[in-house]
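Here's the letter readout for the chains.
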Amino acid sequence: MSEPAIKYRLIKKEKHTGARLGEIITPHGTFPTPIFMPVGTQATVKAMSPEELEELGADIILSNTYHLWLRPGEDLVREAGGLHKFMNWHKGILTDSGGFQVFSLAELRNITEEGVHFKNHLNGHQMFLSPEKAIHIENALGADIMMSFDECPPFFESYDYIKKSVERTSRWAERGLKAHQNPETQALFGIVQGGGHKDLRQQSARDLVAMDFPGYSIGGLSVGESKAEMNHVLDFTTPLLPENKPRYLMGVGSPDALIDGVIRGVDMFDCVLPTRIARNGTCMTSHGRLVVKNAQYEHDFGPIDDQCDCYACRNYTRAYVRHLLKVNETMGIRLTSYHNLYFLTHLMQKIRQAILDDNLLEFREDFFDQYGLNVKNPKNF
Ligand SMILES: [Zn+2]
């Protein structure tokens, strides 16, 4: 057996919750967990340079296999020397499997045991993605962490359907593991599915843990269910996963969900939320969401967030950022994107400190209170 490409080191568990402080050692550096990963769908985090990402505290970013497969194609990325070189980002990269986009973006899907036939969302061409093909593309992209090809069924799909889907996802995970060419340089994660059903999550976790992946993702959440439902699923899912491997909750990036995920033992998160809302002129601040584009900020010469010391908040005013957004200057979305990503990377830093200090529940209460969220005991720890 060769050494896995990444290693997880558990440093400390918080006294009163399931939160874990740890670190992940990858071929492109070691980063602390819990961590938030900005999303760079098309081999770029929209409006951010790699230098800015590094400056605002990002250690690992996510890129989308489906999009890079369509354009520019995995062969071109391989020819460039892999995704790190292609986009000039020398820290961690994680790629998804493309499955989520096939199930959410593409049309006319036909799911078979072999894989999924679909028409791509760009030109309607008929395409086919299988576990082997997804791994082949991810191997060409060369990310430090890659995802197994899974099906992400709607949360409220029937029990029978989700059960069949979980079983197929396990068979696909096994096929992907066999197809994986670079286990010494790229770590492949298994993805636990099962919707809101405890027994199906157990079945999925049991199947995948038996395959001994170097890390596990929790999929099928943040797809339209309530936060309470998501937290409920996490309550019974994270304890099914091995303590010595990282746990990644896919598609979660709102501050409250990050804190509540960490409390339940999640180590890694990603989401387009901070950059997507930034492009609409919405900022995450210590006092809650702020739509800086709104008329009320026209004459506001204070920073986006008076408690933030990011580049945008140190140098620019709400009135100026609002003006840039109103006249569609790209500098406007650069500043809001920078601020939102900084806000989340620094929120994770504060969460890690709270784990170290064993006061994560107090931190949660203070944060929710200031952010304007309902403070409810997350669970009776
Ligand atoms: Zn800021």
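Above this text you will find the structure in question.
Being a predicted model, the structure only gives us computed values, none of them experimental. (Residues numbered from 1 in each chain as written. Predicted model: local features only at pLDDT ≥ 70, side-chain atom pairs only at ≥ 80, totals over all residues. Heavy atoms only, no water.)

Caption draft 1: Unusual backbone geometry, seen in detail. Across the junction of Thr33 and Pro34, the peptide omega takes the value 0°, indicating a cis bond. Looking at the element boundaries, Pro34 is found in the loop between β3 (29–33) and β4 (35–38). Cis geometry marks the peptide bond from Arg71 to Pro72, where omega comes out at 10°. Within the chain, Ala43 stands out as a residue other than glycine whose phi angle is a positive 65°. Within the secondary structure, Ala43 is located in the loop between β4 and α1 (50–55). Note on Ala43: relative accessible area 12%, which makes it buried. The phi dihedral of Ala47 is positive, around 75°, even though this residue is not glycine. You can see Ala47 is positioned in the loop between β4 and α1. (Helix = DSSP H or I, 4+ residues; strand = E, 2+ residues; numbered from the N terminus. Buried < 20%, exposed > 50% of the residue type's maximum accessible area, 1.4 Å probe, protein only.)

Caption draft 2: Seen up close, the coordination of the zinc ion. Cys308 (SG), Cys310 (SG), Cys313 (SG) and His339 (ND1) make up the full set of protein donors to the zinc ion, lying at 2.1 to 2.3 Å. Around the zinc ion, the four donor atoms are arranged such that angles at the metal cover 99 to 118°; this shape is classified as tetrahedral. Each donor residue of the zinc ion belongs to the same chain, with the gaps between them written as C-x1-C-x2-C-x25-H. As far as burial versus exposure is concerned, Cys308 and Cys313 are alike and both buried. (Donors = N, O, S within 2.8 Å, 3.2 Å for Na, K, Ca; no water. Tetrahedral: all angles 85-135°; square planar, octahedral: opposite > 155°, others 65-115°.)

Caption draft 3: The arrangement of helix α8 (residues 198–210) in detail. For α8, with 13 residues, the first-to-last C-alpha span of 18 Å sits near the 18 Å given by 1.5 Å per residue. Taken as a whole, α8 has its buried residues at Leu200, Arg201, Gln203, Ser204, Ala205 and Leu208. For α8, the secondary structure elements touched by its buried residues are α7 (159–179), β11 (187–192), β12 (216–218) and α9 (227–237). Where α8 terminates, the next one or two residues include Asp212, which has phi positive at roughly 55°. (Expected span 1.5 Å × (residues − 1). Contact = heavy atoms within 4.5 Å.)

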